[in-house]
Amino acid sequence: MDKSNTTKGKIVIVSGPSGVGKSTICREVARRTENVYPSVSVTTRPPGKDEKQGKNYWFVSKEDFQQRAGKGEFLEHAEVFGHLYGTPKDKVEQALNQGRAVILEIDVQGAKQVKTVYPDAVMVFILPPSARVLAERLGRRGRDSRCAAEKRLGGASDEIAAARQYYQHLVINENLEQAIKEVMQIIHKGSIEEK
Ligand code: 5GP
């Protein structure tokens, strides 16, 4: 169990191309680490078949999203592949005040916005072992139409180029267990203590 102070009030941004395994990694890191709050974003994207309201995302209409954005409810927000995504500010602040580490699974545009508010945010980018593996994973996931999947794959190379410039930590998800451990190590700056 992690009783150390290394996670205290820390923001950890996890980005990476669609299908790279970010959600699985973040979920496992949060499950295995004490005092971690995985932020749940608000989105206008329709839910996938196994996705649940309030668990994967808060699924809302475009009007609702824009209203929240107008009221300044988001720490950051961005349009990604034609849909709007935003991080609820109050939940993040609450978790930080409780001394928890906050994991934000967001894209590069959002990461840059968060960095301006929280310059100490730790930035992790998850990479696929190869473009071919990424395409296979995206196809296997089957959540996107062919056209949407191609859009996501096309966006991946731009994101990866940006990552090399902005992110302090690059983690290759070749072996899931290894990638989870690496992210945990980054959060704890070397001291992993599991729940
Ligand atoms: P997906 O539709 O596959 O769940 O997410 C698409 C992209 O949007 C991913 O790169 C994901 O990290 C990003 N994303 C998810 N939530 C947020 C958010 O709250 N803000 C930003 N900027 N990007 C997000």
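Residues numbered from 1 in each chain as written. Predicted model: local features only at pLDDT ≥ 70, side-chain atom pairs only at ≥ 80, totals over all residues. Heavy atoms only, no water.

A.B. asks: What should I look at first to understand the site of the ligand in this one?
C.D. replies: Taken together, 16 residues form the shell around the ligand, and within it S41, R45, Y57, E76 and Y85 come nearest. In this structure, E76 approaches the ligand through a side-chain N or O atom, which is 2.7 Å from a nitrogen atom. Relative to its unbound accessible surface of 510 Å², the ligand loses 96% to contact with the protein. Judged by the fraction of its atoms near the pocket grid, the ligand is located in the largest pocket. (Near = heavy atom within 4 Å. Polar contact = N/O pair within 3.5 Å; in protein donor to acceptor, adjacent residues only side chain to side chain. Areas by Shrake-Rupley, 256 points an atom, 1.4 Å probe, with all protein chains shown as cover. 1 Å grid on protein atoms, 1.4 Å probe; cavity = no way out; pocket = protein on both sides within 12 Å on 5 of 7 lines; lining within 4 Å. Sits in = over half its atoms within 2 Å of the grid points.)

A.B. asks: What am I meant to see in the side chain of K22 here?
C.D. replies: Position of K22 relative to the elements: it lies in helix 1 (residues 22-32). With no salt bridge to any partner, buried K22 finds its closest opposite charge in E105, at an N-O distance of 4.9 Å. Within the local environment of K22, its side chain forms a polar contact with the backbone oxygen of P17, the two atoms lying 3.4 Å apart. (Helix = DSSP H or I, 4+ residues; strand = E, 2+ residues; numbered from the N terminus. Buried < 20%, exposed > 50% of the residue type's maximum accessible area, 1.4 Å probe, protein only. Lys, Arg positive; Asp, Glu negative; His and termini not counted. Salt bridge = Lys/Arg side-chain N within 4 Å of Asp/Glu carboxyl O.)

A.B. asks: When you look at the packing of helix 1 against helix 7 (residues 176-188) in this model, what are you seeing that I'm missing?
C.D. replies: Two quantities define a packed helix pair, namely the angle between the helix axes and the distance between the axes. Where helix 1 contacts helix 7, the axes come no closer than 9 Å and their chain directions differ by 60 degrees. In this view, helix 1 runs oblique relative to helix 7, as classed from their interaxial angle. Crossing geometry of helix 1 relative to helix 7 is assigned as right-handed. On the side of helix 1, the interface is formed by T24, I25, E28, V29 and R32, while helix 7 contributes L176, E177, A179, I180, V183, M184 and I187. Within the contact of helix 1 with helix 7, the residues separate by chemical class into eight nonpolar, one polar and three charged. (Axes fitted to C-alpha atoms, helices over the stretch in contact; angles between N-to-C directions. Parallel < 35°, antiparallel > 145°, perpendicular 65-115°, else oblique. Left-handed = near helix turned anticlockwise from the far one by under 90°. Contact = heavy atoms within 4.5 Å. Nonpolar A, V, L, I, M, F, W, Y, C, P; charged D, E, K, R; others polar.)

A.B. asks: Where do I start with the packing of aromatic side chains in this structure?
C.D. replies: Any pair of aromatic rings gets described here by the distance separating the centres and the angle formed by the planes. This structure, assessed with the given rule, holds four aromatic pairs. A centroid spacing of 5.2 Å and a plane angle of 75 degrees characterise the contact between F125 and Y167, whose relative ring orientation is edge-to-face. With F125 in strand 8 (residues 122-127) and Y167 in the loop between helix 6 (146-166) and strand 9 (169-172), this residue pair connects regions lying 42 residues apart in the sequence. The burial state of F125 is the same as that of Y167; both residues are buried. (Phe/Tyr/Trp six-rings, centres within 6.5 Å; stacked < 30°, edge-to-face > 60°.)

A.B. asks: Even after reading the chapter, I still don't get the sheet that holds strand 6 (residues 83-88), so can you show me in this structure?
C.D. replies: Each strand in a sheet pairs with another by means of backbone hydrogen bonds, the pair being arranged parallel or else antiparallel. Sheet architecture is open: four strands sit in the order 4-3-6-5, paired in mixed fashion. Looking at which strands have only one partner, the edges of the open sheet turn out to be strand 4 (58-59) and strand 5 (74-80). In this structure, strand 3 (residues 42-43) lies alongside strand 6, joined through two bridges in antiparallel fashion. Bridge pairing in strand 6 places T43 opposite Y85. (Pairing = 2+ DSSP bridges.)

A.B. asks: So what exactly am I meant to see when it comes to the sheet that holds strand 9 here?
C.D. replies: Ordered by their spatial adjacency, five strands build an open sheet running 2-7-1-8-9, and the pairing between neighbours is parallel. Two strands lie at the open edges of the sheet, namely strand 2 (36-38) and strand 9, each paired on one side alone. Direction aside, neighbouring strands of the sheet carry axes that sit 25 degrees apart on average. Pairing geometry for strand 2 and strand 7 (residues 101-105), over three bridges, is parallel. Residue pairing in the sheet places P38 in a bridge with I103 of strand 7. In this fold helix 1 packs onto strand 1 (11-15), strand 2, strand 7 and strand 8, with an angle of close to 170 degrees to the strand it touches most, strand 7.

A.B. asks: Any chance you could explain the nonpolar core here in plain terms?
C.D. replies: Nonpolar side chains tend to gather and get buried jointly when the protein is soluble and globular. With 22 residues, the main nonpolar core has V29, V124, I126 and V183 as its most contacted residues. For this core, the elements supplying multiple residues, two or more each, are strand 1, helix 1, strand 7, strand 8 and helix 7. Here this core gets six residues from one element, more than from any other, and that element is helix 7. Dropping the residues within four chain positions of it, V29 is found in contact with I103, I180, V183, M184 and I187. Ranked by size, the runner-up nonpolar core spans 21 residues in total, among them V92, L104, F125 and Y167. (Core = buried A, V, L, I, M, F, W, Y, C linked by side-chain atoms within 4.5 Å.)

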